[in-house]
Amino acid sequence: MIDKGIHYKRLRLRIVIMSLCFSLIPLLVLGFTIYTQFSKAYSQKITETLRILVQNRKSALEIFLEERVAQLVTLANTHTLYTLVEEAYLSQVFSTIQSRSKSFIDIGVIDQNGTHLAYVGPHYEKLKGVNYAHEDWFRSVMESGVFISDVFLGFRKIPHFIIAVTRREGSQTWILRATINTEIIDNIVRLGQLGKKGDAFIVNSRNILQTAPRFSGRLLEAPKTPDFSSSVGTTIDTAVLNGVETFFAASQLNNPRWTLVVREDASEEMAPLFEARYWEGIILLAGILCVAVGTIVVTRSMTNELIRVEQEKAKSDDLVMQSSKMAALGKMAAGVAHEINNPLQIISDQAGWMKDLLEEEDISASKNFEEFQECIRKIERHLERCRSITHRLLRFGRRMEPTQDLIDVNEILKETITFLETEARHRDIAIEMHLDEGLPRITSDQAQLQQVFLNIVDNAIDAIGKKGSISIVTEHRNGNSGKIHVEISDTGPGIPKDKMSKIFDPFFTTKSANEGTGLGLSISYSIIEKLGGTITVDSEVGCGSTFKITLPVTGTGRA
Ligand code: ADP
């Protein structure tokens, strides 16, 4: 029993583990795949958005610078040096340009020797007449024709940058130079500063900030980020900055060699992804929980059903075993009874012969005559007993086909009790009968049923010995198609557990050789089985026993 319990526990565990593996592994793989695909797609979307943003800002910057250069080139090419060095005229032209855009702060004309010939702007005193021949930008513009400087503080100590273009006029070259308001560039870059933690700024080719970032450093200093000044084209990178994962998109301008950098905090950008991960985790956990609970419940009910089926099978196996044992023993009993019957007949004949001899005169005169007579009486009595046993054995062995009478079970019980009443009264045993008056008549074998009831009540009287009671109850359950139940209970000592399984075995008896043969219950079992019923016993030591018989209702009509 313990082994079976462990076996079922192990089976349950195996089924649970296997079911969990087969259902959870695909669930986890699915969850993992969905998450990785989603995060890949999401990261791609973020980097794509960043790329578009940085390229967009860079284009705006380039357009702005190109337009300013184009304005200056057009101005230089449509005017002679002679006209532009006239400061009144230059001022007029400058006002016209400024009316369209406030991006120019001042404008100046410089000859090929670096001398500032004419100037219009707020720093006239400081800049008029200054010589730029030794300035880097002067050399660059003379070489390349167009020059855009980095942002610098200059004489005026405010951040600005210049655009200078050259014009060749006969043998001489002159320069038109304008200062640009950095605020406009700042505004263009600022549009790239997204969210609460996003930032955007420009660095020059030496990684010096050309615009003031939100968080990444101070103007004209190196930024507190990786160096993107030498990146080519547009690049997207991630770096951990102060323990925070950060996206960087960098795009280099054509002229000047500035790099626009857009910076995004990954946690801010990825927040929807993290939220999706959180919900996916919760859904996955709930799914795992559902699968686990479902598996355990299903496995439990499956194994319970298995246990029930196995128990029923064990019961029916017991019944089959008992029936086959009875069949084999029946054959053996019939054989033995036949064998014993012949010597018994001879003993009986010889006893009769001896009885006849005792009637002769000379023997009756013998002083042992009385003793001889007693001996023969004993032989006859025991022969009778042997004969009754062999007849019962033969009946058991033949397993006579039952007759089909329409009988009233209550009547048979009442009749049976009349045989045993005297004996019961003698032993001070009360027999109570609670008979269901609505019991239907059934088609069965009256004589055999009587024998069964007789055996059981007789056993009950023997078990009680003296003083006690026997209760006989009949009942009809579940309508006409149901069964008749007969329960015979006694207040005897009960049957010990170790004997319970043996009492229906032939020749099992706890009575002395004179009192019991051990055939009563086995014959009863065989009869009831033949009649299509069942016989079982409930007993507890010290509390008495109850024999329960069911008989099928196969007849019609009511008692
Ligand atoms: P027998 O009566 O000849 O012993 P049975 O087959 O009728 O043979 O009974 C077998 C045994 O079952 C009895 O010897 C007795 O030990 C036990 N038994 C039967 N009925 C009862 C009962 N009502 N109370 C206690 N034990 C019983």
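Note that residues are indexed from 1 along each chain, following the sequence as it is written. Confidence filtering applies because this is a predicted model: local features only for residues at pLDDT of at least 70, side-chain atom pairs given and counted only at 80 or more, and all residues used for totals across whole chains, interfaces and linings. The basis for the side-chain values is all heavy atoms of the structure; hydrogens and waters are excluded.

Undergrad: Let's hear about the packing of aromatic side chains: which residues, and what values?
TA: Pairing of aromatic side chains requires ring centres within 6.5 Å, counting the rings of Phe and Tyr and the six-membered ring of Trp. Pairs whose planes differ by under 30 degrees are stacked, by over 60 edge-to-face, and all others tilted. Under the criterion given, the structure shown has 8 aromatic pairs. When the ring of Y119 is compared with that of Y124, the centres are 6.2 Å apart and the planes differ by 40 degrees; the resulting orientation is tilted. Each residue gets one of three labels from its accessible area relative to the maximum for its type: buried under 20%, exposed over 50%, partly exposed in between, using a 1.4 Å probe on protein chains only. Since its relative accessible area comes to 1%, Y119 is described here as buried. Residue classification places Y124 among the partly exposed positions, given a relative accessible area of 31%. Put simply, the rings of Y132, W137 and F138 pair up and form one aromatic cluster.

Undergrad: Talk me through the packing of helix α11 (residues 409-426) against helix α12 (residues 446-464); I want residue IDs and the actual numbers.
TA: Running from N to C, α11 and α12 point in directions that differ by 40 degrees, and their axes come no closer than 9 Å. By the angle between their axes, α11 is oblique relative to α12. Viewed along their axes, α11 and α12 form a crossing whose handedness is right-handed. Residue-level inspection shows V409, I412, L413, E415, T416, I417, F419, L420, E423 and A424 of α11 in contact with α12, the latter providing Q446, L449, Q450, F453, L454, V457, D458 and I461. For helices, the fitted axis covers only the stretch in contact; all axes are lines through C-alpha atoms, and the angles between them, taken along N-to-C directions, range from 0 to 180 degrees. Think of it this way: any DSSP run of H or I at least four residues long counts as a helix, any run of E at least two long counts as a strand, and we number them from the N terminus. Just so you know how the angles are binned, under 35 degrees is roughly parallel, over 145 roughly antiparallel, 65 to 115 roughly perpendicular, and the rest oblique. What makes a crossing left-handed is the near helix being turned counterclockwise from the far one by less than a right angle; a clockwise turn instead makes it right-handed. The contact criterion used is simple: two residues touch if any of their non-hydrogen atoms lie within 4.5 Å.

Undergrad: Outline the sheet that holds strand β3 (residues 146-148), listing residues and values.
TA: Think of it this way: DSSP has to see at least two bridges between two strands before they count as a pair. In spatial order, the strands read β2-β1-β5-β4-β3; together these 5 strands make up an open sheet with antiparallel pairing. The two strands at the open ends of the sheet, each matched to only one other strand, are β2 (116-120) and β3. In this sheet, neighbouring strand axes are inclined to one another by 15 degrees on average, regardless of whether the strands run parallel or antiparallel. Bridging between β3 and strand β4 (residues 160-169) involves 3 bridges; their strand directions are antiparallel. Residue pairing for β4: V146 is matched across the bridge by V165. Packed onto the sheet, helix α6 (residues 182-190) meets β4 and β5 (172-181) and runs at close to 55 degrees relative to β5.

Undergrad: How would you explain the pairing of strand β6 (residues 199-203) if you had to name every residue and give the values?
TA: Of all 5 residues in β6, 5 are buried, a share of seventy percent or more. Two strands pair when backbone bridges link them, and β6 and strand β9 (residues 259-265) are joined in this way by 5 bridges, in the antiparallel orientation. Bridge pairing in β9 places F201 opposite V261.

Undergrad: Describe in detail the site of the ligand, supporting the description with residues and values.
TA: Taken together, 18 residues are adjacent to the ligand, and N459, T509, T510, K511 and L521 come closest. Two N or O atoms form a polar contact when they lie within 3.5 Å of each other; inside protein one atom must be a possible hydrogen donor and the other a possible acceptor, and for residues adjacent in sequence the pair counts only when both atoms belong to side chains. In the model, an oxygen atom of the ligand is placed 2.5 Å from a nitrogen or oxygen of the T509 side chain. Within the contact set of the ligand, an oxygen atom lies 3.5 Å away from a backbone nitrogen or oxygen of G520. Alone, the ligand offers 530 Å² of accessible surface; in the complex the protein occludes 93% of this. It suffices for a single heavy atom of a residue to lie within 4 Å of a molecule or strand for the residue to be listed as near it. For the accessible areas, the method is Shrake-Rupley and the probe is 1.4 Å, while residue cover comes only from the protein chains on display.

Undergrad: Help me get a handle on the sheet that holds β6, residues and values and all.
TA: Ordered by their spatial adjacency, 4 strands build an open sheet running β6-β9-β8-β7, and the pairing between neighbours is antiparallel. Both outer strands of the open sheet, β6 and β7 (234-241), are each paired with one neighbouring strand and no more. On average, adjacent strands in this sheet sit at an angle of 25 degrees to one another, irrespective of strand direction.

Undergrad: Quick one: what's the story with the side chain of S251, residue by residue and with numbers?
TA: Note that S251 resides in strand β8 (residues 244-252). A distance of 2.9 Å separates polar atoms of two side chains, one belonging to S251 and the other to T234. In this structure, S251 is in contact with V54, K58, G233, T234, W258, T259 and L260, ignoring residues within four places of it in sequence.

Undergrad: Tell me about a negative patch on the surface, and name the residues and values.
TA: On the surface, a cluster of negative charge is made up of D356, E359, E360 and D362. For E360, the location among the structural elements is in the loop between α8 (271-358) and α9 (361-364). Take E360: its relative accessible area is 42%, and that puts it in the partly exposed class. Any residue with relative accessible area above 30% and no salt bridge may belong to a patch, with like charges joined within 9 Å and the nonpolar Val, Leu, Ile, Met, Phe, Trp and Tyr side chains within 5 Å. Here a salt bridge means any side-chain nitrogen of Lys or Arg lying within 4 Å of a carboxyl oxygen belonging to Asp or Glu. Positive charge is attributed to Lys and Arg, negative charge to Asp and Glu, and no charge count is given to His or to the chain ends. Where a charge sits is defined by one atom per residue type, namely NZ (Lys), CZ (Arg), CG (Asp) or CD (Glu).

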